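Architecture and fold: a report
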Amino acid sequence: MFSSIKSYIVALWPSPVSPELKKSVESTIETNKILVYSKTYCPYCTATKDLLNKYGVDYKLIELNTMSDGGNIQRALQEISGQRTVPNVFINGKHIGGNSDLQALESKGELKGLLAKL
């Protein structure tokens, strides 16, 4: 019983990520013009990738569910951006948000201009 309570508490309040991992994620964000953290099975991630592919832009794609430390990277992203969900999109080091945020930029006609500046 106590182990299941402990598992529940850890799931709700995970320990902070290591400073080294956080620095590594921040470095990845800073060194890629377009960066998408994703999961292979996520339909919102697919929509984000489809939209970026429509513009033919190169982007760094990190599929968290295919990595042994993907959960820790996702926790680091939450600490960095405040967003835990995927997709988690960065353009020129700036946090854009998720799929709905990227689609909103597209709807307002702002995404094309943002991508053209790269």
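Heads up: the structure comes first, above all this text.
The shown structure was predicted, so the numbers you read here are calculated from the model rather than taken from an experiment.

**Some words on the pairing of strand β1 (residues 34–38)**
The buried count for β1 comes to five of five residues, which makes it a mostly enclosed element. What you see with β1 is no split at all: I34, V36 and S38 on one side and L35 and Y37 on the other are buried throughout. Pairing analysis gives four bridges linking β1 to strand β2 (residues 60–63), with the strands arranged parallel. By the bridge assignment for β2, S38 is matched with E63. Considered for its hand, the β-α-β crossover made up of β1, helix α3 (residues 43–54) and β2 is right-handed.

**Brief notes about helix α2 (residues 19–30)**
When the terminal C-alpha atoms of α2 are compared, their 16 Å separation across twelve residues agrees well with the 16 Å that a helix rising 1.5 Å per residue should span. Regarding α2, the residues found buried are L21, V25, T28 and I29. Buried residues along α2 cover an arc of 105° about the axis, so they all sit on one side. The outward face of α2, more than 90 degrees from its buried face, is lined by the exposed residues P19, E20, K23 and E30. Elements in contact with the buried residues of α2: β1, β2, α4 (70–81) and β3 (88–91).

**Quick word on the pattern of salt bridges**
Applying the stated criterion to the full structure yields three salt bridges. Close ionic contact of K49 with E63 constitutes a salt bridge, the shortest N to O distance being 2.8 Å. One end of the pair, K49, is in helix α3; the other, E63, is in strand β2, and 14 residues separate them in sequence. Here K49 matches E63 in class, with each residue buried. Note that E106 is salt-bridged to K54, the shortest N-O span being 2.7 Å.

How each quantity is defined
Residues numbered from 1 in each chain as written. Predicted model: local features only at pLDDT ≥ 70, side-chain atom pairs only at ≥ 80, totals over all residues. Heavy atoms only, no water. Buried < 20%, exposed > 50% of the residue type's maximum accessible area, 1.4 Å probe, protein only. Helix = DSSP H or I, 4+ residues; strand = E, 2+ residues; numbered from the N terminus. Pairing = 2+ DSSP bridges. Right-handed = clockwise from strand over helix to strand, strands pointing away. Expected span 1.5 Å × (residues − 1). Arc of directions from axis to C-beta. Contact = heavy atoms within 4.5 Å. Salt bridge = Lys/Arg side-chain N within 4 Å of Asp/Glu carboxyl O.

So yeah, pure geometry; function would need other evidence.
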